[in-house]
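Fold and geometry: a report
One-letter residues, chain by chain:
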Amino acid sequence: MKAMNVKKTRQQKKVRTTGRLDNIRAGQVVEINCAMEFTAGLELPPGVTLAFGARGRLEGEGAISGSNTRIVADEHACIFSDEITLAGTWNAHFSPQWFGAVYDGATDCTAAIQKCLDRRGEVRLRGNGTALISSALVICSGTWLNLDPGFTIRLADNACCAMLRTPWADQRYFSGSFPGFVADPAFPGFRSKDDSPASWKLGAAEVNIKVTGGIWDANGARNPKQVHLWGSFGYWGVLMQIVNADGFTLRDTRLFDANTYFFEAAKLANFCIENIHMDMRELRPNQDGIHLEGECYNGVIRNISGRTWDDMVALNGGDSWYPKYPPGVTPPPRGQGTNILWIPFLQGGIKHILIKDIHVSEGMAGYRAVRLLSTGAHKMDEITIDGIYGLYTVNAILISAHYEDLAPYGTIIIRNLACEVAGTPETAEYTRQGLIHLENEHVSIDNLIIDGGSYTRTAANGQFFKCPGTVKRLFAGNLNITVAKGAAFFGRGAFNCTGGSRALVQEAYLSNISINRGGEERYDVAFQGRWRRIKMANCLVEADVVFDFSGCGEASLLETNNEFICRELARGSAARSSSAQPGQ
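Residues numbered from 1 in each chain as written. Predicted model: local features only at pLDDT ≥ 70, side-chain atom pairs only at ≥ 80, totals over all residues. Heavy atoms only, no water.

**A closer look at the nonpolar core**
Rule in force here: Only buried Ala, Val, Leu, Ile, Met, Phe, Trp, Tyr and Cys residues count toward a nonpolar core, and they belong to the same one when joined by side-chain atoms within 4.5 Å. Burial classes: relative accessible area under 20% of the type maximum marks a residue as buried, over 50% as exposed, and values in between as partly exposed (1.4 Å probe, protein chains only). Every residue pair with non-hydrogen atoms within 4.5 Å of one another is taken to be in contact.
Ranked by size, the top nonpolar core spans 144 residues in total, and within it Trp 216, Phe 263, Leu 315, Phe 464, Phe 465, Phe 495 and Phe 527 carry the most contacts. In contact with Phe 263, not counting residues within four places along its chain, are Met 240, Ile 242, Phe 248, Leu 250, Leu 255, Ile 273, Gly 289, Ile 290, His 291 and Leu 292. Counting 5 residues, the second-largest nonpolar core is a separate cluster that includes Ala 169, Val 243, Ala 266 and Leu 346.

Pasting the structure below:
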């Protein structure tokens, strides 16, 4: 019985096998209606079609080499024995069930899925079953891994590995050296490692990879991080790792229960990550969602939902990590290089990225929506964040610097903030960061544009904008900032440029900003700290003091068509040109 009808061209001839697969000519349609054997190393002539009937199956060991060979078979049939591998070129939408995969959540499907991925093209996982895997699936150029919406891939207990990765997702491909202790026999996880940089050469980028649909369950509680392996040589909790790829899509996917990052990428160009939902069985530290490292360019990260217990989206081109060292090893001083060379982070530029529509699940609190981290050698630039929604514990956006003296940024555009910060029951300084927060005085931004949004100051959260670093040009407009009853200010303004020796907004262009229209209380200070030049138009500000320039030297204020309801318009030294007068 045939699995399906096969349309034959005039050149094709049909051969019905009788127990052994041999004597096949180019362009033939070969009907396989029973178990057939083949000679190992069989090379099929060009253009052959293998049409598997209901009982058709190939038995044997070794490789079959195709030459644009077509397969016609039921997606759920097992048509190859376990010992068969395919080589050459094939024209088929591969199904892991052809290689014996059983989607019962208990049978290890790793080898069957990997055999399909090795053949490139579209790999389909159909239905609502669960495929268990025990090691990382490796995906390469020209592959589309296509899961039905209800299909689950689950990491087996104690597998302790990423679920999906490119072949270059090993930190040694882009590092130059490693601490000497990693070769010590006392650490058996290192003894078989070849850490010579000459042995690890980064090859050409993988191109045109697509992963769509389904649920990826990292089974975090039963796959502990291998902290005893110190860094990239052990599992550190990442669900997907995509490194050195050009043309990558991750779409319509649920990522579940990662130990740390749900998705990590480096050296990634021309990518789209969209319609991703993330959640976990339990909260764990450092649970980033979409985490990009250095050398990531021209990408879209869109419609990210759920919750994580760290950054929902992190662009960390200047990442570093001070690793846990084994007993008896003296850690080097922070910032001297060792802490950034051998751990699994690639430092480098990140440019031209759109982050759009970040949603925390209703009724839940996330940690932070977006974090940016630049590096002195590679300025982060052309970053747009458009649409942040929901409730966060610390802040919405953190623009940060690690150990370097200067973390430079080019242009950052922030639009459509419709989120709140809950804070925590504690009143520690860390829980009172700004909704948009520059981490320290080492942050320097050329152009920061904040356009559209609303924010309510409460007793538990912090100011709208906190800047202990330097912003050369700030453009802020179309904002509504209010104060809830019982809010605690501690002398901090809605726009606060204090807290670091380099705290300074050189030029500010403010328009259509409402501060506390209809709020229950009002700010003690609206704009505070070191501002060199301010141009302000069409704003309404209700505060005890609108501008507090105390301690910042001469400031220039040009304001037109504004309404100020205050006790004091400007405190400190300021040259002012105005068309409005303060009121009570």
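**Topic: the pattern of salt bridges**
As a reminder of what qualifies: By definition here, a salt bridge exists when the distance from a side-chain nitrogen of Lys or Arg to a carboxyl oxygen of Asp or Glu is within 4 Å. Strands here mean DSSP runs of E at least two residues long; helices mean DSSP runs of H or I at least four residues long; both are numbered from the N terminus.
Within the structure shown, the criterion is met by 27 salt bridges. Notably, a salt bridge pairs Arg 522 with Asp 544, separated by 3.0 Å at the nearest N-O pair. Note that Arg 522 is positioned in the loop between strand 33 (504-515) and strand 34 (523-529) and Asp 544 in strand 36 (residues 540-548), a separation of 22 residues in sequence. With relative accessibility at 19%, the residue Arg 522 sits in the buried group.

**Quick look at the sheet that holds strand 7 (residues 57-59)**
Heads up, the condition is: Two strands qualify as a pair provided DSSP detects at least 2 bridges between them.
Here we have 3 strands laid out as an open sheet, ordered 2-4-7, and parallel in their pairing. In this open sheet, the two strands that pair with only one neighbour each are strand 2 (20-21) and strand 7. As paired strands, strand 2 and strand 4 (residues 35-38) are joined by 2 bridges and run parallel to one another. Along strand 4, the bridge assignment pairs Arg 20 with Glu 37.

**Points about the environment of Gly 469**
Inspection of the secondary structure assignment puts Gly 469 in the loop between strand 30 (465-466) and strand 31 (470-483). Given the relative accessible area of 0%, Gly 469 is considered buried. The spacing of Gly 469 and Thr 498 is 29 residues in sequence and 8.2 Å in space, taken between C-alpha atoms. Non-local contacts of Gly 469, meaning those with residues more than four positions away in its chain, are made with Leu 438, Asn 440, Glu 441, Val 443, Arg 502, Ala 503 and Leu 504.

**Describing the packing of aromatic side chains**
Rule in force here: Aromatic rings from Phe, Tyr and Trp, taking only the six-membered ring of Trp, are treated as a pair when their centres fall within 6.5 Å; an angle between ring planes under 30 degrees marks them as stacked, one over 60 as edge-to-face, and anything in between as tilted. By definition, being over a ring means that NZ of Lys or CZ of Arg is both within 6 Å of the ring centre and within 35 degrees of the ring normal.
Tallying each qualifying case throughout the model produces 16 aromatic pairs. For the pair Phe 547 and Phe 564, a centre-to-centre distance of 6.1 Å together with 80° between the ring planes defines the contact as edge-to-face. Placement of the pair is Phe 547 in strand 36 and Phe 564 in strand 38 (residues 563-565), with a sequence separation of 17 residues. Here the aromatic residues Tyr 455, Phe 464, Phe 465, Phe 495, Phe 527, Trp 531, Phe 547, Phe 549 and Phe 564 are joined through ring pairs into a cluster of three or more. When the ring centre of Trp 144 is taken as origin, the NZ or CZ atom of Lys 210, which lies over that ring, is 4.0 Å away.

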